[in-house]
Amino acid sequence: MPAYFSMGYIAWTLGHVLLDRFDDRLTGAEVVLVPALASFVMVMWDLCIDPASSTISGAWIWRDGGGYFGVPLVNFLGWYLCVFTIYLLFALYLRRSAEWTRAAHLGERSTWALPAVMYAAVMLPRLIEPLAGGDSVEVTSHDGHVWWTGDIHATAALVALFTMLFVTVLALVRVSRTPALH
């Protein structure tokens, strides 16, 4: 659970960066767009961790399994809806809040770049695992499907490369190209 709170902050910040919104006030469609993008960033992380966490380590179990290495599609749709609802309520609260302050640190590149770097750091274990060269062994999900650990780790690495790495690179490019930041 603590990982979801820290990743929640990272995803929220990256949602701002992806929209080139480098301040603390959301206006117009941004009230919905930042939560929508931040929710995608959260689910990208979930796509990378769930197969190994549920099938290999057994951190959580899906009784009826699912096609994504024992994880059902509804899990990811549910997580998207859940975090989108939380982010949207937070955005609406911030929009209505009378206590707006312009924090001095919001104008610094590190404020916006560091969450992208942390997102990349969270992604690294997914990339390293298949390269570690461990034996691929059979694991059986709770619904009786047999999976190979090597396949699970390789798939998580591919998903991380084309989702989390993409967001990281895009965010760092946006931060570096924003002239108002120092």
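Quantities reported herein were computed from a predicted structural model and do not represent experimental measurements.

**What to know about the nonpolar core**
Right, on to step 1. Counting residues in hydrophobic clusters, the biggest one holds 46 residues, and the most contacted among them are Leu-14 and Tyr-119.
Right, on to step 2. Contributing elements (two or more residues each) for this core: α1 (2–18), α2 (30–56), α3 (73–96), α4 (109–131), α5 (149–162) and α6 (164–177).
Right, on to step 3. Of all the elements, α2 adds the most residues to this core, at 11 residues.

**A look at the packing of α1 against α6**
Right, on to step 1. Across the interface, α1 lies against α6 with an axial gap of 9 Å and an inter-helix angle of 55 degrees. With respect to their mutual orientation, α1 and α6 come out oblique. The chirality of how α1 crosses α6 is left-handed. Residues Leu-14, Val-17 and Leu-18 of α1 touch α6, and the partners they reach there are Val-167, Leu-170, Ala-171, Arg-174 and Val-175.
Right, on to step 2. For the contact of α1 with α6, the class distribution of residues is seven nonpolar, no polar and one charged.

The rules behind each value
Residues numbered from 1 in each chain as written. Predicted model: local features only at pLDDT ≥ 70, side-chain atom pairs only at ≥ 80, totals over all residues. Heavy atoms only, no water. Core = buried A, V, L, I, M, F, W, Y, C linked by side-chain atoms within 4.5 Å. Buried < 20%, exposed > 50% of the residue type's maximum accessible area, 1.4 Å probe, protein only. Helix = DSSP H or I, 4+ residues; strand = E, 2+ residues; numbered from the N terminus. Axes fitted to C-alpha atoms, helices over the stretch in contact; angles between N-to-C directions. Parallel < 35°, antiparallel > 145°, perpendicular 65-115°, else oblique. Left-handed = near helix turned anticlockwise from the far one by under 90°. Contact = heavy atoms within 4.5 Å. Nonpolar A, V, L, I, M, F, W, Y, C, P; charged D, E, K, R; others polar.

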